[in-house]
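Fold and contact review
Residue strings, one per chain:
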Amino acid sequence: MDKLIIKGGKKLEGTVKISGAKNAALPILAATILCPGKHLIRNVPDLRDVNTMKSLLQNLGSGVDVRDSVAVVESDGFKKHEAPYELVKTMRASVVILGPLLARLGKARVSLPGGCAIGARPINLHLMALEKMGAEISLDSGYVLGRVGRLKGTDIYLDIPTVTGTENILMAAVLAKGITRIDNAAMEPEVVDLANALISMGADIRGAGERVIEIKGVDELRPLDYTVIPDRIEAGTFMTAAAVTRGNILLENCRVDHLDAIMKKLEETGVQFEHAGNGVAVKMSSRPESRDIKTMHYPGFPTDMQAQFMALMSIAGGTSSIIETIFENRYMHVAELRRFGADIRVEGHTATVRGVGSLKGAPVMATDLRASASLVVAALCAEGESVIDRVYHIDRGYEGIEKKLTGLGADIMRIKG
Ligand code: EPU
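None of the values given here were measured: they were computed from a predicted structure.

Moving on, we come to the domain arrangement of the chain. As assigned here, the chain comprises domain 1 (3-19 + 230-415) and domain 2 (22-227). Averaged C-alpha coordinates put domain 1 and domain 2 at centres separated by 30 Å. Listed by partner, the interface residues are 25 residues for domain 1 and 20 residues for domain 2. Buried surface at the junction of domain 1 and domain 2, summed over both partners, amounts to about 1,900 Å²; 52% is from carbon and sulfur atoms. Linking domain 1 with domain 2 are 2 salt bridges, by the criterion used here. Between domain 1 and domain 2 we count 6 residue pairs in polar contact (both at pLDDT 80 or more) in total.

Next comes the structure, spelled out in structure tokens:
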């Protein structure tokens, strides 16, 4: 397994280009299932998760080629309608092929994703919605089996505004008969990006990005020609990396309108931002001040930035209270951050972080994607050398992390294992 060796204490300086959003690219790739033809998707990040989605589509019978951030998907002939356990177990987001498979083929066999490091993460709301749209859903030997003639539009209320759940319903509804209304829909930019991609295919969708989305089913769609939005979580991660090292960097290809909650909170800690063309300059010249956060659905502070913000707070002046409300077990990074000397106490959903003067390099273990990112952030400002093991978690969601950080002046090296 690969390791990252980081010698901390280098100020980050220079320019970094933000890649396409993982959590938008994945469902948009799945949307190619919806109609035959040659699809073109640009700004697709080179990530392990994108490779997994590529394998899922190839397993169904699609031709997929991803090169230089452009994915070409030929989705004419399907041999299968299945997402096997071997692939789903490595990426929960595989579940987003369920909706489009039912819409296009009227049948699907998708392995249940099961729990993961950050929580139980059930898909009951996805299944409830698809059943309401007329699909017969059953569970067999760890697989979800779905069957339907043609899905029908209906009113769906989501108890929780689930992101991939909303995406599955969107993709099921675009070819359904009649109108589907999703109430309490997820409003994340990645959901809006998927909706825009579907609209570009000829779908009739109103209200994406709002609480209620209305979809009028159409009889057929045309292939995609679409550019994925930049990754707001990658951008937020580089912002915290600049902040912990008191650096001065320019993020290119960055949608600041998707980063409101993150940038406002970072500004309160002392980070200075300056808008620059299609990017933003990030500068930190003092020790960060402590601030509290509570993770929320969009437009609130994203759970996917909680761990990185905690790394920043671990060297802040004062005490910060961090409340995780989206996932029940998203504090796996706490024990690892403590190994750097961070002073963090967790009680229930609340982590109390007392800022320390400095962190010290340590050997640590990446446990999930965003937890790993927080360890990189901490190691960048820690005195001495840190070794981060199991970096395959980082490769799931950060394109060329060590290349990008090296470009900003960090002392970081990958040891192939
Ligand atoms: N939930 C249910 N039932 C459901 C669906 C969700 O109880 O049927 C619960 C979950 O257990 C969780 C909450 O609802 O407690 C929110 O989960 P959601 O379904 O919104 O999460 P997701 O769709 O599985 C996506 C992102 C995650 C991100 C969350 C929250 C993708 C591929 N994944 O997951 O991204 O943390 O939304 O914003 O879009 C990451 O990129 O590191 C990552 C984990």
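Here we have 4 strands laid out as an open sheet, ordered S18-S19-S21-S20, and mixed in their pairing. The open sheet is flanked by strand S18 (293-294) and strand S20 (343-347), the only strands paired with a single partner.

Right, let's get into the pairing of strand S11 (residues 179-183). Burial along S11 is one-sided: the residues Thr180 and Ile182 are buried and none of Ile179, Arg181 and Asp183 is. Sheet analysis places strand S10 (residues 155-157) next to S11, joined by 3 bridges and oriented parallel. When the sheet's bridge partners are listed, Ile156 is paired in S11 with Ile182. With helix H6 (residues 163-173) bridging S10 and its parallel neighbour S11, the resulting β-α-β unit is right-handed. Of the pairings in the sheet, the one linking S11 to strand S13 (residues 212-216) comprises 5 bridges and is antiparallel in character. Looking at S13, one finds that Asp183 is bridged to Val212.

Following the criterion strictly, the structure yields 1 aromatic pair and no others. Taken together, a centroid distance of 5.5 Å and an interplanar angle of 65 degrees make the contact between Phe301 and Phe309 edge-to-face. When its relative accessible area of 1% is taken as the criterion, Phe309 is described as buried.

Neighbouring the ligand are 20 residues; Asn124, Thr162, Thr164, Asp304 and Ile326 lie closest to it. At 3.0 Å, a side-chain N or O of Asn23 approaches an oxygen atom of the ligand. In this structure, Pro122 approaches the ligand through a main-chain N or O atom, which is 3.3 Å from an oxygen atom. For the ligand, whose unbound accessible area comes to 840 Å², protein coverage reaches 89%. Mapped by element, the contributors of at least two residues to the shell around the ligand are helix H1 (22-30), helix H5 (124-132), H6 and helix H12 (369-381). Among the elements that line the shell around the ligand, the one with the most residues is H5, at 3 residues. Counted by class, the shell around the ligand contains 9 nonpolar, 6 polar and 5 charged residues. There are two domains that each give the shell around the ligand at least three residues, and those are domain 1 (3-19 + 230-415) and domain 2 (22-227).

Turning our attention to the nonpolar core. Ranked by internal contacts, the top residues of the largest apolar core, which has 77 residues, are Leu34, Met53, Ile97, Leu170 and Leu198. Element by element, the count of residues in this core is highest for H1, at 6 residues. One finds Phe309, Val376, Val391 and Tyr398 within the second-largest nonpolar core, a separate group that totals 69 residues.

About the criteria used
- Residues numbered from 1 in each chain as written.
- Predicted model: local features only at pLDDT ≥ 70, side-chain atom pairs only at ≥ 80, totals over all residues.
- Heavy atoms only, no water.
- Domains from an automatic or database assignment.
- Contact = heavy atoms within 4.5 Å.
- Buried area = accessible area lost by both parts, 1.4 Å probe.
- Salt bridge = Lys/Arg side-chain N within 4 Å of Asp/Glu carboxyl O.
- Polar contact = N/O pair within 3.5 Å; in protein donor to acceptor, adjacent residues only side chain to side chain.
- Pairing = 2+ DSSP bridges.
- Helix = DSSP H or I, 4+ residues; strand = E, 2+ residues; numbered from the N terminus.
- Buried < 20%, exposed > 50% of the residue type's maximum accessible area, 1.4 Å probe, protein only.
- Right-handed = clockwise from strand over helix to strand, strands pointing away.
- Phe/Tyr/Trp six-rings, centres within 6.5 Å; stacked < 30°, edge-to-face > 60°.
- Near = heavy atom within 4 Å.
- Areas by Shrake-Rupley, 256 points an atom, 1.4 Å probe, with all protein chains shown as cover.
- Nonpolar A, V, L, I, M, F, W, Y, C, P; charged D, E, K, R; others polar.
- Core = buried A, V, L, I, M, F, W, Y, C linked by side-chain atoms within 4.5 Å.

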